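The lines below spell out each chain.
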Amino acid sequence: MSDALVAVEAAGTDLSVPAASGARLFWRRLRTRRAALAAAAVVALLVLIALAAPLLTALEGQDPTTYHPSLVDSARGGVPIGPLGGISAEHWFGVEPQTGRDLFARMVYGARVSLGVALAATVVQVTIGVTIGVAAALGNRWVDQLLSRVTDIIVSLPLMIMALALLAIVPTSFPRPILVAFVIGLIAWGNLAKIVRAQALGLKGLDYVAAARLSGWGAVSVARRELLPGLAAPVITYAALLVPTNISTEAALSFLGVGVKPPTPSWGQMITSADIWYQSAPQYLLFPAGALFVTVLALTVLGDGVRTALDPRAASRLRIGTGRRSARKAAARKAAATQAAATQASATQASAKQAGTTEEGTP
């Protein structure tokens, strides 16, 4: 709240909302969405698995890079020996075809790459998108036009083609996960910038922002103290929905062969290698594909829950875990009670009218 409105608050108009109460209100709304809470638990478990990958592989006694040629049948082209792809007490998910590398170790380390790349790309997108959007909203007409046209160009660029081109020309010595995250973030910030600009233009016309600008504050101070707090809800909402999109993009790039390079494990890379093994060793495809599906689904459900908790006026796109059935039942009960009250009131009025007529006819 700008200093220019201190007098208004002193006059008895409280325009500020404590951050703690806003957080409690958000949590109260989010708790009513059971699907979002379940998705948050799944996401937390996946993050915990990714962080604890060295501990889990040490507990199993394996690592993601050691070859075990004795565990594959070279006469059959490298198919794992044993039932279910070589699943045993030493190899919980079996082994990789041809190489014999432990599949469980590569799965948990692949979670690190997939989640890390997605989160890093989201941070890059949010940083660039918020900066460009706020600068366009606070700048003059020429600055707004220039940044808006640049944003339109970025939005129109095909993400996969541009990422393929950029990743193909960078030397392989550069750390590939960092490069993939940077490329995704550098190309896919346009939509967020448009959302931020539109929201910032709406906030720019409010009294407290105008008062801050008339008080002589610079553009940076206005953006940091007045606009960014109001932009937190839409930015957090969109960022939560960007993470599953970035996971899918990283998997697609690895599937096309320009993402994370071996021996670094990645779910997309494992799916790519499994295209010729899905019949003889189906677990090599099912485990990474299933993990990718569960991760994207959980993040999507969580993002939708965060969006509806931050903005209750926005309808949820999900039909489970949002209390819609309970809300419909409550609305039906309220309508029935209203109709019963109206019927009773009509009956009472009719009885009173009939009683009055009888009294008039009595001598």
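Keep in mind that what you see is a predicted model, and the values were worked out from it rather than measured.

Novice: What exactly am I supposed to notice about the overall build of the chain here?
Specialist: A tally of regular secondary structure across the chain gives 14 helices and two strands. Per-residue burial over the chain gives 37% buried out of 363 residues. The long-range fraction of contacts in the chain, counting pairs at least 24 apart against all pairs at least 6 apart in sequence, stands at 70%. Carbon and sulfur atoms make up 66% of the accessible area of the chain, which totals about 19900 Å².

Novice: Quick question: what am I supposed to make of the pattern of salt bridges here?
Specialist: When the charged atoms of two side chains with opposite charge come close together, those side chains can pair. With the rule as written, the count across this model stands at five salt bridges. We note a salt bridge from Glu96 to Arg101, for which the minimum N-O separation is 2.7 Å. One exposure class covers both Glu96 and Arg101, and it is buried. A salt bridge links Arg197 to Asp144; the shortest N-O distance between them is 2.8 Å. Here Arg197, found in helix α9 (residues 190-204), pairs with Asp144, found in helix α6 (residues 141-156); they are 53 residues apart in sequence, far enough to count as distant. Salt bridges here are not isolated pairs; linked through shared partners, they connect Glu96, Arg101 and Arg106.

Novice: Mind showing me how you'd approach the packing of helix α7 (residues 159-169) against helix α8 (residues 176-187) here?
Specialist: Helix packing for two helices is described by the angle between their axes and how far apart those axes are. At their nearest, the axes of α7 and α8 sit 10 Å apart, and the two run at 140° to each other. In this view, α7 runs oblique relative to α8, as classed from their interaxial angle. Relative to α8, the crossing made by α7 is right-handed. On α8, the residues that touch Leu159, Met162, Ala163, Leu166 and Leu167 of α7 are Arg176, Leu179, Val180, Val183 and Ile187.

Thresholds, definitions, all that
- Residues numbered from 1 in each chain as written.
- Predicted model: local features only at pLDDT ≥ 70, side-chain atom pairs only at ≥ 80, totals over all residues.
- Heavy atoms only, no water.
- Helix = DSSP H or I, 4+ residues; strand = E, 2+ residues; numbered from the N terminus.
- Buried < 20%, exposed > 50% of the residue type's maximum accessible area, 1.4 Å probe, protein only.
- Contact = heavy atoms within 4.5 Å.
- Areas by Shrake-Rupley, 256 points an atom, 1.4 Å probe, with all protein chains shown as cover.
- Salt bridge = Lys/Arg side-chain N within 4 Å of Asp/Glu carboxyl O.
- Axes fitted to C-alpha atoms, helices over the stretch in contact; angles between N-to-C directions.
- Parallel < 35°, antiparallel > 145°, perpendicular 65-115°, else oblique.
- Left-handed = near helix turned anticlockwise from the far one by under 90°.

Remember that the coordinates give geometry; whether it matters functionally is a separate question.
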